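# Coordinate inspection notes
As a plain string of letters, each chain reads:
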Amino acid sequence: MAPAASIEQPGSTASFARSPLKATSILHRTPWRPPVATSAEGLYLTLEDGRTVLDAVGGAAVACIGNGHPAVRKALKDQVDKLSYVYNMQLSNEPAEELAKLLIEQSNGAFDLCGFVSGGTEAMEGVMKLARQYFYETKQPQRKNFIARHLSFHGNSIATLSLASHPTRRGPYEDILNHDNFHHVSPAYAKRFQKPDETEEQYVERLKQELEDKFLELGPDTVIGFVAETVVGATTGVVAAPKGYFKAMKSVCDKYGALFILDEVMSGMGRLGTLHAWESFGDNVAPDIQAVAKGLGGGYASIGAVLMSKKVADGIRDNAGLWKHGHTYQAHPLACVASLAVQKVIDEENLLENARMQGGYLGALLRERLDSPNAAAAPFVFDIRGGGAWWGVEFDFTGPEAARLDFKGQQFAMIVQARCLEKSLIVMGMTGGANISGTVGDHLMLSPAYNVTKEQVESIVNIFVESIEEVLREYAF
Ligand SMILES: Cc1ncc(COP(=O)(O)O)c(C=O)c1O
């Protein structure tokens, strides 16, 4: 990877976030050492240089109630005093049992059992193994294929990279990924891929047919399941499927006895204003198996969960009676107690309603300031989309107006992300979601905590829009 200095332009705003190039013993995920955060309160983070920054993206759509909530701090401290660790195959623990009970009760019958892991990738690994175990136990061992979608992300392990189809993240690993058991169909991304002469229903029908064709090609009784993010996260930037899509996909799975599986690592646990994203953005179709993570622990602990329907739970219970999968830190008491406290805060402070209300305001402000006829950025705004406390803005620089812009080899979304940080706002820029090969596309994501205030929404939009407009001005010739 190129050193930071070689990818910065002289005077680039990107240089602020990337410099100084301080020594570090961490192999970072950026070619520079990111600024160090030293403390935080709510949505505000204090950095090593004393600056305070406003986090408009909750890290990576994780910190759903902000930092330092007194109820979570107390729960964690009390738990440390009581019990810090047990190994899950020897002993269970109270917070884990209580959290599992809550997750099942909250699902109104959609889920019957759950298992805990330590994050999103582990949750998706657990999902895949549970789905395979289900068919192994129920005497269908010939089922060995997963069908997922292009332009998706399900985690960074070898198996989850194989499952998803994210060209840049797969890049160096392509040759060691599993190409035999993992297959892909088109994304459900109407604004880019619906044909001009197609209605929404026809588009859904085409995608349904494609899935059915893939089942037939593989042999319908070899398919374990179809896997999708209910709303696609960082790959394409908060992209929801067209109406009726999930109902159609589930009908294909049901027809051939395969499982319908949702990855709600990013979109779930309230991010879109409903506890599960499928309740608002997935035709209210409950999956057979679902992964959740980020909003489950809200950043207070590393935790993910695998939720399963009664059908799957019965298949396992009536046979092996146990999950043939596990990790040392699974159902960790501290992670579970933190998660339990986060979920109670969301409920007691009515934060899903706040996420819907302030999120709606955030979306309206973004549209007004970026995409109204007089907005400076409007010619380059391809789409503004989202719901609850999760919004994406996709830019497109293929139109005639873009001929007067030159980003000098840098990616627009990343320049804006850096400019926002310079102005003390954290947002997330992502690239490459606008075509299947992942070579074009710029989008930015906002996913503040569910307890974001109206004033904070306004500050976020002000700095965000200012940064976008500045960058557009500075790179025009
Ligand atoms: C949809 C989805 N699945 C899985 C993951 C992987 O989660 P983690 O980074 O916690 O391993 C992510 C992370 O962003 C995600 O967005």
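As recorded by an unreviewed UniProt entry, the protein chain carries the name PLP-dependent transferase and is attributed to Fibroporia radiculosa. Checking UniProt for the protein chain, the heading Sequence similarities (unreviewed entry) contains the comment "Belongs to the class-III pyridoxal-phosphate-dependent aminotransferase family."

It is worth spelling out the overall build of the protein chain at this point. Helix and strand counts for the protein chain come out as 18 helices and 17 strands. For the protein chain, the spread of C-alpha atoms along the three principal axes comes to 65 × 60 × 40 Å. Across the 477 residues of the protein chain, 50% fall into the buried class. Across the protein chain, contacts joining residues at least 24 apart in sequence account for 72% of those joining residues at least 6 apart.

Here we take up the sheet that holds strand β2 (residues 44–47). Here we have four strands laid out as an open sheet, ordered β1-β2-β3-β15, and mixed in their pairing. Of all the strands in the sheet, just β1 (37–41) and β15 (425–426) have a single pairing partner and so form its edges. When β2 meets strand β3 (residues 52–55), the two strands line up antiparallel, connected through three bridges. Note that in β3 the partner of Thr-46 across the bridge is Thr-52.

Between helix α5 (residues 94–106) and helix α15 (residues 333–348), the least distance of the axes is 8 Å, while the angle of their chain directions is 40°. Comparing their axes, α15 and α5 come out oblique. Our pair here, α5 against α15, has a crossing hand that is left-handed. Across the interface between the two elements, Pro-95, Ala-96, Glu-98, Leu-99 and Leu-102 from α5 touch Pro-333, Cys-336, Val-337, Ser-339, Leu-340 and Gln-343 from α15.

Attention now moves to the site of the ligand. Taken together, 15 residues lie around the ligand, and Gly-119, Gly-120, Thr-121, Val-265 and Met-266 are the ones closest in. Sort the elements by how many residues they give to the shell around the ligand and helix α6 (residues 120–137) lands first, with three residues.

This next bit is on the sheet that holds strand β13 (residues 381–387). Judged by pairing direction, the sheet is antiparallel, and its four strands sit side by side in the order β13-β14-β17-β16 without closing on themselves. On the outer flanks of this sheet lie β13 and β16 (428–431), each paired with one strand and no other. Ignoring strand direction, the axes of neighbouring strands in this sheet form an average angle of 20°. Lying over the sheet, helix α16 (residues 351–371) contacts β13, β14 (390–395) and β17 (442–446), oriented at roughly 170° with respect to β13.

Mean pLDDT for the protein chain: 95, with 95% of residues reaching 70 or above. In this model, residues 1–16 is a region of pLDDT below 50 whose contacts with residues beyond four sequence positions or in other chains number 24 contacts.

When you line up the elements, Ala-286 lands in the loop between α12 (277–281) and β11 (289–292). The buried category is assigned to Ala-286, around which 20 C-beta atoms lie within 10 Å. In the structure, Ala-286 is positioned 157 residues away from Lys-129 in sequence and 20 Å away in space, judged by C-alpha atoms. Sequence-distant contacts of Ala-286, defined by excluding residues within four places in its chain, comprise Ala-110, Trp-278 and Ser-309.

Turning next to the domain arrangement of the protein chain. Per the domain assignment, the segments making up the protein chain are domain 1 (4–65 + 351–474) and domain 2 (70–348). The C-alpha centroid of domain 2 is placed 27 Å from the C-alpha centroid of domain 1. In this assembly, 33 residues from domain 1 lie in contact with 30 residues from domain 2. No other element matches α16, which puts five residues into the side of domain 1 that touches domain 2. Tallied by class, residues from the side of domain 1 that touches domain 2 come to 17 nonpolar, 12 polar and four charged.

Turning our eyes to something else, we now look at α6. In this model α6 runs 25 Å from its N-terminal to its C-terminal C-alpha over 18 residues, within 8% of the 26 Å that 1.5 Å per residue would give. In terms of burial, α6 is a largely internal element, 14 of the 18 residues being buried. Backbone geometry just after α6 places Lys-139 at a positive phi near 65°.

Of note in this structure, Ala-331 is not a glycine but carries a positive phi near 55°. Residues other than glycine seldom take positive phi values, yet Ser-424 does so here, at roughly 70°. Looking at where Ser-424 falls in the secondary structure, it is placed in the loop between α17 (412–422) and β15. Look at Ser-424 and you get partly exposed, because 15 C-beta atoms sit within 10 Å.

Ranked by size, the top nonpolar core spans 143 residues in total, and within it Val-306, Leu-425 and Val-427 carry the most contacts. When residues of this core are assigned to their parent elements, the largest contribution, 10 residues, is made by α15. Summarising the domain contributions, this core has at least three residues from each of domain 1 (4–65 + 351–474) and domain 2 (70–348). Ignoring anything within four residues of it in the chain, the contact list for Val-306 reads Cys-114, Gly-115, Val-117, Ala-123, Gly-126, Val-127, Leu-130, Ile-289 and Ala-291.

So, on to the pairing of β1. The buried count for β1 comes to zero of five residues, which makes it a mostly uncovered element. The hairpin formed by β1 and β2 contains two residues between the paired strands, and Gly-42 there has a positive phi angle of roughly 60°.

The next point concerns α16. If you check α16, its first and last C-alpha atoms are 28 Å apart, about what 21 residues at 1.5 Å a residue would give, namely 30 Å. Residues of α16 that are buried include every one of Leu-351, Leu-352, Asn-354, Ala-355, Gln-358, Gly-359, Leu-362, Gly-363, Leu-366, Arg-369 and Leu-370, and no others. Buried residues of α16 fall within an arc of 155° about the axis and therefore sit on the same side.

Turning to the packing of α6 against helix α14 (residues 310–317), a few remarks are in order. α14 packs onto α6 with a crossing angle of 55° between their chain directions and a minimal axis gap of 9 Å. By the angle class used here, α6 and α14 are oblique. α14 is crossed by α6, and the crossing has left-handed handedness. Across the interface between the two elements, Leu-130, Gln-133, Tyr-134 and Glu-137 of α6 pack against Val-312, Gly-315 and Ile-316 of α14. Taken together, the residues of the contact of α6 with α14 break down into four nonpolar, two polar and one charged.

Rules used throughout
- Residues numbered from 1 in each chain as written.
- Predicted model: local features only at pLDDT ≥ 70, side-chain atom pairs only at ≥ 80, totals over all residues.
- UniProt positions renumbered as here; feature names shortened; annotations may be inferred.
- Helix = DSSP H or I, 4+ residues; strand = E, 2+ residues; numbered from the N terminus.
- Buried ≥ 20, exposed ≤ 12 C-beta atoms within 10 Å, placed from the backbone.
- Contact = placed C-beta atoms within 7 Å.
- Pairing = 2+ DSSP bridges.
- Axes fitted to C-alpha atoms, helices over the stretch in contact; angles between N-to-C directions.
- Parallel < 35°, antiparallel > 145°, perpendicular 65-115°, else oblique.
- Left-handed = near helix turned anticlockwise from the far one by under 90°.
- Near = placed C-beta within 6 Å.
- pLDDT = per-residue confidence, 0-100.
- Domains from an automatic or database assignment.
- Nonpolar A, V, L, I, M, F, W, Y, C, P; charged D, E, K, R; others polar.
- Expected span 1.5 Å × (residues − 1).
- Core = buried A, V, L, I, M, F, W, Y, C linked by C-beta atoms within 7 Å.
- Arc of directions from axis to C-beta.

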